[in-house]
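Chain by chain, the residues run as shown.
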Amino acid sequence: IDQSVIREDSDGKEKSGGAATLVVYKDKLLLITATHVIDDALYPDNSITLRYRDKFVGVPLGDFVSDPANDLSIAIVRFDINKEDLPTLKLYSDLNIKIEDQVTGYGYPHFFFAFTSGRVTAVHPDRIVCDSDVYYGFSGGPVIVRVRDEMVLAGIFNRMSNSYCTGSVATSHKVVVRLAEKVLN
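Residues numbered from 1 in each chain as written. Predicted model: local features only at pLDDT ≥ 70, side-chain atom pairs only at ≥ 80, totals over all residues. Heavy atoms only, no water.

Some thoughts on the pattern of salt bridges
If the charged atoms of two oppositely charged side chains come close together, the side chains can form a pair.
Link 1 in the chain: Going through the model one piece at a time under the given rule, you end up with four salt bridges.
Link 2 in the chain: Across the pair K98 and D101 runs a salt bridge, and its minimum N-O distance is 3.7 Å.
Link 3 in the chain: Residue K98 is classed as partly exposed on the basis of its relative accessible area of 43%.
Link 4 in the chain: Residue D101 is classed as buried on the basis of its relative accessible area, which comes to 19%.
Link 5 in the chain: Residue R119 pairs with E100 through a salt bridge whose shortest N-O separation is 2.9 Å. Highlighted residues: R119 in strand β11 (residues 114–123) and E100 in the loop between β9 (89–90) and β10 (102–107), separated in sequence by 19 residues.
Link 6 in the chain: For R119, a relative accessible area of 30% puts it in the partly exposed group.
Link 7 in the chain: In this structure, a network of salt bridges that share partners links the residues E100, R119 and D131. (Salt bridge = Lys/Arg side-chain N within 4 Å of Asp/Glu carboxyl O. Buried < 20%, exposed > 50% of the residue type's maximum accessible area, 1.4 Å probe, protein only. Helix = DSSP H or I, 4+ residues; strand = E, 2+ residues; numbered from the N terminus.)

Next comes the structure, spelled out in C-alpha cells:
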C-alpha cells in the first residue's frame, strides 16, 4: 500500500504532495487524505494525480467532503474507478482501538516513501495518539492495525506543528467513517 497525491510544476517536477489512503467501505472505493494535501495538489481542471506502485493516474476529484470546522484536516474523495487493481485497506465502523495496539503507517517526507510503527498510547473520541515517529509528509497517511489477516484503517495522520515529532496524533477511524457516510449519501 504505497499511495500519494502529488502535483507537478510545468517542468514535471513534484511541487507538492502528501500521503493518501485508498479504502473500501460499503463496497465503495474512497481516497482519504488530509485536506491540505488535496488543496495543495488540486489542478485547475479539478483533478488530482494519484501515485501508486510507481504509476501516476490523473483522477477527477468527484464527490469530496472534509471537516474543517472540527480542525481534523480530513478529506474523503469517492472514486468510480476499478478497484480490483488498487491496493486498499478496509474501513470498519465497529473497530475497537485500544491502548497498546500495534500500529504501522507511512508518509512521503520530501517525496520519499517512509514507514513508521509503534503502538497506541491514548484513545480520544475523535483522535488516537501513537508513539510512532512522524515527519512532514506523513499528513494524510494511514495509521494501520492488523485485524486477523486484514490491514484495517485505524486513523489518518494529521498536520504537525513541528517538522519532526516523536509520537503522533491521528484522526480516529470514527471520524473517517462519519465523513465516509456523508460522501456516500
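That covers the picture; the talk isn't over yet.
Examining the nonpolar core
Link 1 in the chain: Ranked by internal contacts, the top residues of the largest apolar core, which has 19 residues, are L30, I32, I76, L91 and L153.
Link 2 in the chain: For this core, the secondary structure elements donating two or more residues are β3 (21–25), β4 (28–34), β8 (74–79), β14 (150–157) and α2 (173–184).
Link 3 in the chain: Considering every element that reaches this core, the biggest residue donor is α2, with seven residues.
Link 4 in the chain: Core analysis: the second largest hydrophobic core is formed by 16 residues, I128, V134, V145 and A154 among them. (Core = buried A, V, L, I, M, F, W, Y, C linked by side-chain atoms within 4.5 Å.)

Considerations on α2
Link 1 in the chain: Counted at 1.5 Å a residue, the expected span for α2 with its 12 residues is 16 Å, and the 16 Å between its end C-alpha atoms agrees.
Link 2 in the chain: Of all the residues in α2, the buried ones are H173, V175, V176, V177, L179, A180, V183 and L184.
Link 3 in the chain: Between a side-chain oxygen at the N-terminus of α2 and the backbone nitrogen of K174 the separation is 3.1 Å; the capping residue is S172. (Expected span 1.5 Å × (residues − 1). Polar contact = N/O pair within 3.5 Å; in protein donor to acceptor, adjacent residues only side chain to side chain.)

Quick look at the packing of aromatic side chains
Link 1 in the chain: All chains considered together, the criterion is met by four aromatic pairs.
Link 2 in the chain: For the ring pair Y106 and Y108, a centre distance of 6.3 Å and an interplane angle of 90 degrees mean the geometry is edge-to-face.
Link 3 in the chain: Ring plane angle 70 degrees and centroid distance 5.8 Å describe the contact between Y108 and F113, whose orientation is recorded as edge-to-face.
Link 4 in the chain: Relative accessible area serves as the criterion here: at 6%, Y108 is assigned to the buried category.
Link 5 in the chain: Judged by relative accessible area, which is 42%, F113 ranks as partly exposed.
Link 6 in the chain: By the ring-pair criterion, three or more aromatic residues cluster together here, those being Y106, Y108 and F113. (Phe/Tyr/Trp six-rings, centres within 6.5 Å; stacked < 30°, edge-to-face > 60°.)

Quick word on the environment of V65
Link 1 in the chain: With respect to the helices and strands, the residue V65 is situated in strand β7 (residues 64–66).
Link 2 in the chain: As a C-alpha pair, V65 and A180 span 115 residues in sequence and 8.2 Å in three-dimensional space.

Re the environment of D133
Link 1 in the chain: Tracing the chain through its elements places D133 in strand β12 (residues 127–135).
Link 2 in the chain: Sequence separation between D133 and G118 is 15 residues, and the spatial gap between their C-alpha atoms is 8.0 Å.

With respect to the confidence of the model for the protein chain
Link 1 in the chain: For the protein chain, the average pLDDT comes to 78, and 76% of its residues sit at 70 or higher.
Link 2 in the chain: Scored below 50 in pLDDT, residues 161–165 makes 11 contacts in the model with residues more than four places away or belonging to other chains. (pLDDT = per-residue confidence, 0-100. Contact = heavy atoms within 4.5 Å.)

Here's the deal with the pairing of β12
Link 1 in the chain: Of the two faces of β12, only the one carrying I128, C130, S132 and V134 is buried; R127, V129, D131, D133 and Y135 on the other face are not.
Link 2 in the chain: Between β11 and β12, which pair antiparallel and follow one another directly, the connecting turn spans three residues. (Pairing = 2+ DSSP bridges.)

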